[in-house]
Amino acid sequence: QQRIEIHKLRDGDNLILGFSIGGGIDQDPSQNPFSEDKTDKGIYVTRVSKGGPAEVAGLRMGDKIMQVNGWDMTMVTHDQARKKLTKKNEDVVRLLVTRKSLENAVRQSMMQH
Amino acid sequence: YRGEEEIQKECALFPSAAVGETQSSVSAAEDLQTYSEREWKGNTTKSLLIRKGYEAIASEFNLRKVRGDNYCALRAVLFQVLSQSKQLPAWLHDSDISKWPKEMHSDQDFITEWQFPFETSKSKVQHLEQCLELLTNKWQEAVQSKSLEERERMCQQVFRGHDEEYELLEALKFLMLRTAVQLHSDMEKGSDVPEFCWLLFARDSSKCPKTFLTNHLRHVGFSGGLEQVEMCLLGYSLQETIRVVRLYKCDTEEFITYYPNDHKNASPLCLLTEDDRHYNVLVPKKFPKFDAYGRPKWNPPSDGQSSITTRL
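What you see is a predicted model, and the numbers here were worked out from it, not measured in a lab.

Student: Can you help me understand the pattern of salt bridges in this one?
Tutor: A pair can form between side chains of opposite charge whenever their charged atoms are brought close. All names here are of chain B. A full pass over the atoms with the stated rule returns 26 salt bridges over all chains. Between R218 and E113 there is a salt bridge; the shortest N-O distance is 3.4 Å. You can see R218 sitting in the loop between α11 (209-215) and α12 (228-238) and its partner E113 sitting in the loop between α6 (100-107) and α7 (124-143), a full 105 residues away along the chain. In this structure, the salt-bridge partner of E254 is R246, at a minimum N-O distance of 3.3 Å. Accessibility expressed as a relative area gives 35% for E254, which makes it partly exposed. Judged by its relative accessible area of 1%, R246 falls in the buried class.

Student: What exactly am I supposed to notice about the pairing of strand β4 (residues 19-23) of chain A here?
Tutor: Two faces, one strand: in a regular strand the side chains alternate between the faces of the sheet. A large share of β4(A) lies buried, amounting to five of its five residues. Because side chains alternate across β4(A), one face comprises the buried residues A:F19, A:I21 and A:G23, and the other comprises A:S20 and A:G22, equally buried. In this sheet, strand β7 (residues 309-311) of chain B lies alongside β4(A) in antiparallel orientation, the contact comprising three bridges. When the sheet's bridge partners are listed, A:G22 is paired in β7(B) with B:T309.

Student: Explain the packing of aromatic side chains here, please?
Tutor: Centre-to-centre distance and the angle between the planes together describe a pair of aromatic rings. All names here are of chain B. Inspection of every chain in the model, using the stated rule, returns nine aromatic pairs over all chains. Their ring planes at 55 degrees and their centres at 6.4 Å tell us that Y71 and F222 sit as a pair that is tilted. On the criterion of sequence distance, the pair formed by Y71 in the loop between β2 (61-64) and α4 (72-84) and F222 in the loop between α11 and α12 is long-range, its members being 151 residues apart. With relative accessibility at 2%, the residue Y71 sits in the buried group. F222 sits in the partly exposed class, given a relative accessible area of 33%. With a centroid separation of 5.7 Å and 25 degrees between ring planes, the pair formed by F116 and F118 is classed as stacked. Residue class for F116 comes out buried when judged on its relative accessible area of 13%. Here the aromatic residues Y71, Y166 and F222 are joined through ring pairs into a cluster of three or more.

Cut-offs used in this document
Residues numbered from 1 in each chain as written. Chains lettered and ligands numbered in written order. Predicted model: local features only at pLDDT ≥ 70, side-chain atom pairs only at ≥ 80, totals over all residues. Heavy atoms only, no water. Salt bridge = Lys/Arg side-chain N within 4 Å of Asp/Glu carboxyl O. Helix = DSSP H or I, 4+ residues; strand = E, 2+ residues; numbered from the N terminus. Buried < 20%, exposed > 50% of the residue type's maximum accessible area, 1.4 Å probe, protein only. Pairing = 2+ DSSP bridges. Phe/Tyr/Trp six-rings, centres within 6.5 Å; stacked < 30°, edge-to-face > 60°.

Set out below in structure tokens:
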């Protein structure tokens with residue numbers, strides 16, 4: 001498990017994190033390319049923007065988000081997860097993520113190309 | 001509609017009552033360690049003790065905060081029942097409990113003393129019948145859920161702070177009264193009763209079921225919560241064991257207390273309290289993916305659901 005601290009980037013009125021999420025208890029888990037268990041309805045990082053705050057903080061595509069600022073993310077809807085990550089008065093979010101082993105990650109990225 | 005500033009101020013004033021930006025009566029799960037460090041900064045003896053208590057259980061459980069009114073003990077127990085119960089209990093399965101208010105009313109004149117937290121055009125007996133029927137239906141719906149997600153959705157529907165939630169809480173109070181009546185009658189006959197009964201009826205203010213109702217039970221949710229002996233009655237009425245982690249009792253043998261004390265039940269309902277006044281819910285941190293037979297705990301639905309991604 002990894003602890004990732006993302007400092008959001010201010011872009012006018014918006015706070016950018018620089019990554020995308022997929023998953024949630026209201027979503028179809030069989031479409032998730034990153035989970036080992038295709039019934040896993042957790043929140044996954046589907047994309048990380050190059051050079052963005054998330055990449056700088058060490059977040060990687062395929063990471064499963066377990067907690068956001070102490071809030072459990074393993075049993076939430078997609079929208080609940082989005083809300084916990086995009087609070088307007090929070091400049092920093094601290095994530096707890098699990099990451100598959102290096103060899104699996106390499107295998108995964110090779111399959112993508 | 002309340003502005004975000006107002007909501008934030010209220011959260012600061014009532015930290016134990018804050019349940020986030022939704023109307024939910026039970027908040028989402030959060031990490032105990034993080035919560036403890038945020039709520040109990042400082043180094044007073046009390047802070048250190050409470051944080052020690054949180055730390056002791058942080059690896060086992062997550063926290064779900066319960067709306068902090070005088071119903072919170074009942075609410076926490078009801079939530080655990082609906083979210084964790086594996087099957088309908090025998091007493092619920094074997095009887096039509098919605099008949100019980102009429103039975104009690106024909107026997108003794110208690111129900112006229114009942115107080116409801118909402119308006120009702122029905123008679124008190126009829127409304128209690130409705131409450132008990134609702135409890136039966138919701139409990140059935142809960143145990144018949146096909147997945148953890150479905151169950152969670154069902155619970156979120158119930159715990160919205162609407163009349164339905166309070167009807168279920170009043171149903172629990174009725175069950176407590178009915179059990180108190182039975183136990184008191186057993187005591188008078190000289191039959192064996194659980195230990196807590198003696199304490200329940202030893203209080204000057206509740207020497208018998210009638211005064212228990214008028215001086216204690218009917219005020220629960222309004223001007224008072226549940227005393228510890230009443231927690232025993234609640235557990236016993238539901239044939240459940242309520243296991244409470246009592247943080248201010250950390251370092252004593254009362255740190256974890258069972259209501260009732262004979263804890264026959266192998267799967268107790270787990271609650272947390274800092275002060276025996278406000279109760280929150282504890283959920284096990286690691287929920288098993290497979291049941292005792294090695295079968296996966298929930299079935300993949302694949303019924304045309306969405307699979308969206310959101311850029312943040």
